[in-house]
Amino acid sequence: MVVVHGGAGSLGEELREHGAACRDALRTALESAAAVLEVGQDAVEAVRSAVSVLESFPLFNAGHGSALCADGTVEMSAALMRGSDRAAGAVAVVTRTEHPIFAAHALLDARQVLMVGEPADACAAANGAQQREPGHFVTDRQLQRLQEPAGNAEGGHGTVGAVCLDSNGLLAAATSTGGLVGQRPGRVGDTPLIGAGTWADRHVAVSCTGDGEAFIRVGAARLLAFLVEHGATLDAAARAALDDVERCRGGGGLIAVDLRGDVAMPFSTEAMPRGVWRLGEEPTLDLS
């Protein structure tokens, strides 16, 4: 089973106009992950594959087409976590790695969990991740959004992610983002912070999206997992985590799958493009 999201945000004109393309991107991500599982690879490879597809879709905020910082540059973050042993890899403020989720994956079995900036890009390159000039990630769409009045950037969908439960019971989660439109250079949100925006253990896998600072203050992904581990249903745990985010004046959503194959996809924004694939079934997709 694989679940993906394309970020929580508004149900604006852009999403309505490009709904078919967004659905295609979600479907392609699910099909990519499914193909990985069907040839015998595990949940980690499946979520990495799904997220790399979403990083290539310029209407989602990750990889090519990421939101721009206040100075017009792109700073990307990503994380990946394996549930069986809580191995995790994460990067922040990367500017050259074509697929930031590959940079996170390169750290999964390393001593360090989180690397930032140029050393993170260099580590990714040393592990075979394709590098690009920073300008590659800048799109006309994001340049226009940066020029709009603060808070008026239409159709803002931040962060992409995937969670997976494979046939061997392994859970994994992956998340990737370009951050916030007009953010201060050097700002890091919840995505690469293990336990805030990304989490996987033996019980559940979680990928979050939304107001990163609130998700950090709540420790939202780990909170959800803690509640599940101590007997809460997945739906109740997911709702409780988002309620706590709202108490910190934040909005957003998350996707989660547990060891039983139950799925939760709550969100407090107008929309969160998302999709689910189960073995033997066609993907189900929803934009609103």
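Residues numbered from 1 in each chain as written. Predicted model: local features only at pLDDT ≥ 70, side-chain atom pairs only at ≥ 80, totals over all residues. Heavy atoms only, no water.

Visitor: How do you make sense of the overall build of the protein chain when you look at a structure like this?
Guide: If you tally the helices and strands in the protein chain, you get nine helices and 12 strands. Relative to the 2.2 N^0.38 estimate, which gives 19 Å for 288 residues, the radius of gyration of the protein chain is 17 Å and therefore close to what a compact globule would have. Dimensions of the protein chain along its principal axes, counting C-alpha atoms only, are 45 × 40 × 35 Å. Split into buried and exposed, the 288 residues of the protein chain put 57% on the buried side. Put simply, of all contacts in the protein chain between residues at least 6 apart along the chain, 67% involve residues at least 24 apart. For the protein chain, the exposed surface amounts to about 11500 Å²; the carbon and sulfur share of it is 49%. Of the side-chain charges in the protein chain, 22 are positive and 36 negative, and the distance between the mean point of each set is 5 Å. (Helix = DSSP H or I, 4+ residues; strand = E, 2+ residues; numbered from the N terminus. Rg over C-alpha atoms; globule rule 2.2 N^0.38 Å. Buried < 20%, exposed > 50% of the residue type's maximum accessible area, 1.4 Å probe, protein only. Contact = heavy atoms within 4.5 Å. Areas by Shrake-Rupley, 256 points an atom, 1.4 Å probe, with all protein chains shown as cover. Lys, Arg positive; Asp, Glu negative; His and termini not counted. Charge placed at Lys NZ, Arg CZ, Asp CG, Glu CD.)

Visitor: Could you clarify how one ought to interpret the pattern of salt bridges in this entry?
Guide: Oppositely charged side chains can form a pair if their charged atoms are brought close together. The final tally for this structure, using the stated rule, is 13 salt bridges. The partner of Arg82 in a salt bridge is Asp85, and the shortest N-O contact between them spans 2.9 Å. On the basis of relative accessibility, which here comes to 15%, the residue Arg82 falls in the buried class. Asp85 sits in the partly exposed class, given a relative accessible area of 45%. Here Arg239 ties to Asp243 by a salt bridge, and the two come within 3.0 Å at their closest N and O atoms. Of this pair, Arg239 and Asp243 both sit in helix α9 (residues 234-247), four residues apart, which is roughly one turn of the helix. A single network of salt bridges, built from pairs that share partners, joins Arg82, Asp85 and Asp109. (Salt bridge = Lys/Arg side-chain N within 4 Å of Asp/Glu carboxyl O.)

Visitor: Looking at this model, I keep getting lost on helix α2 (residues 19-38). Mind explaining?
Guide: Since the α-helix advances by 3.6 residues per turn, residues separated by three or four positions end up pointing in the same direction. Between its first and last C-alpha, α2 extends 28 Å over 20 residues, near the 28 Å set by a 1.5 Å rise per residue. Among all positions in α2, only Gly19, Cys22, Ala25, Leu26, Ala29, Leu30, Ala33, Ala34, Val36 and Leu37 are buried. Looking down the long axis of α2, one finds its buried residues gathered within 165 degrees of arc, a one-sided arrangement. α2 presents Ala20 and Glu38 as exposed residues on the side facing more than 90 degrees away from its buried surface. (Expected span 1.5 Å × (residues − 1). Arc of directions from axis to C-beta.)

Visitor: Sorry if this is basic, but what is going on with the side chain of Thr209 here?
Guide: Here Thr209 is to be found in strand β8 (residues 204-210). Polar side-chain contacts of Thr209 include one of 3.0 Å to the backbone nitrogen of Ala8. (Polar contact = N/O pair within 3.5 Å; in protein donor to acceptor, adjacent residues only side chain to side chain.)

Visitor: Mind showing me how you'd approach the packing of helix α8 (residues 220-229) against α9 here?
Guide: Axes are the key here: two packed helices are described by the angle between their axes and the distance separating the axes. Contact geometry of α8 with α9 gives a least axis separation of 9 Å together with a crossing angle of 145 degrees. Pair α8 / α9 crosses with right-handed handedness. Here Ala220, Leu223, Leu224, Leu227 and Val228 of α8 come into contact with α9, specifically with Leu234, Ala237, Ala238, Ala240, Ala241, Asp244 and Val245. Grouping the amino acids of the contact of α8 with α9 by side-chain chemistry returns 11 nonpolar, no polar and one charged. (Axes fitted to C-alpha atoms, helices over the stretch in contact; angles between N-to-C directions. Left-handed = near helix turned anticlockwise from the far one by under 90°. Nonpolar A, V, L, I, M, F, W, Y, C, P; charged D, E, K, R; others polar.)

Visitor: So what exactly am I meant to see when it comes to the sheet that holds strand β10 (residues 263-264) here?
Guide: Sheets are built from strands that pair by backbone hydrogen bonding, the pairs being arranged parallel or antiparallel. The strand order across the open sheet built from four strands is β7-β8-β9-β10, with neighbouring strands paired in antiparallel fashion. Two strands lie at the open edges of the sheet, namely β7 (198-200) and β10, each paired on one side alone. Strand direction decides the pairing type here: strand β9 (residues 252-258) and β10, joined by two bridges, are antiparallel. The residue of β10 that forms the bridge with Val257 is Val263. Set on the sheet, α8 makes contact with β7, β8 and β9; between it and β8 the angle comes to about 145 degrees. (Pairing = 2+ DSSP bridges.)

Visitor: Would you explain the environment of Arg184 in this entry?
Guide: Counting through the fold element by element, Arg184 comes out in the loop between β6 (171-177) and β7. Using a relative accessible area of 69% as the deciding quantity, one classes Arg184 as exposed. When the C-alpha positions of Arg184 and Cys69 are compared, they lie 6.0 Å apart, and in sequence the two are 115 residues distant.

Visitor: Would you mind showing me how to read helix α3 (residues 43-55) here?
Guide: Spanning 13 residues, α3 covers 18 Å between terminal C-alpha atoms, matching the ideal 18 Å at 1.5 Å per step. In terms of burial, α3 is a largely internal element, 11 of the 13 residues being buried. When α3 is considered as a whole, its buried residues turn out to be Ala43, Val44, Glu45, Ala46, Val47, Ser49, Ala50, Val51, Ser52, Leu54 and Glu55. Here the buried face of α3 lies against β1 (2-5), α2, β2 (76-82), α4 (100-105), β5 (160-165) and β6. Measuring from the backbone nitrogen of Val44 back to the side-chain oxygen at the start of α3 gives 3.1 Å, which picks out Asp42 as the cap.

Visitor: For this particular structure, what's the right way to read the sheet that holds β5?
Guide: Spatially, the eight strands line up as an open sheet ordered β4-β3-β2-β6-β5-β1-β11-β12, and their pairing is mixed. With one partner strand each, in any of the chains shown, β4 (114-116) and β12 (284-286) form the two edges of the open sheet. With strand direction ignored, the average angle separating the axes of adjacent strands in the sheet is 5 degrees. As paired strands, strand β3 (residues 87-94) and β4 are joined by three bridges and run parallel to one another. By the bridge assignment for β4, Val91 is matched with Met115.

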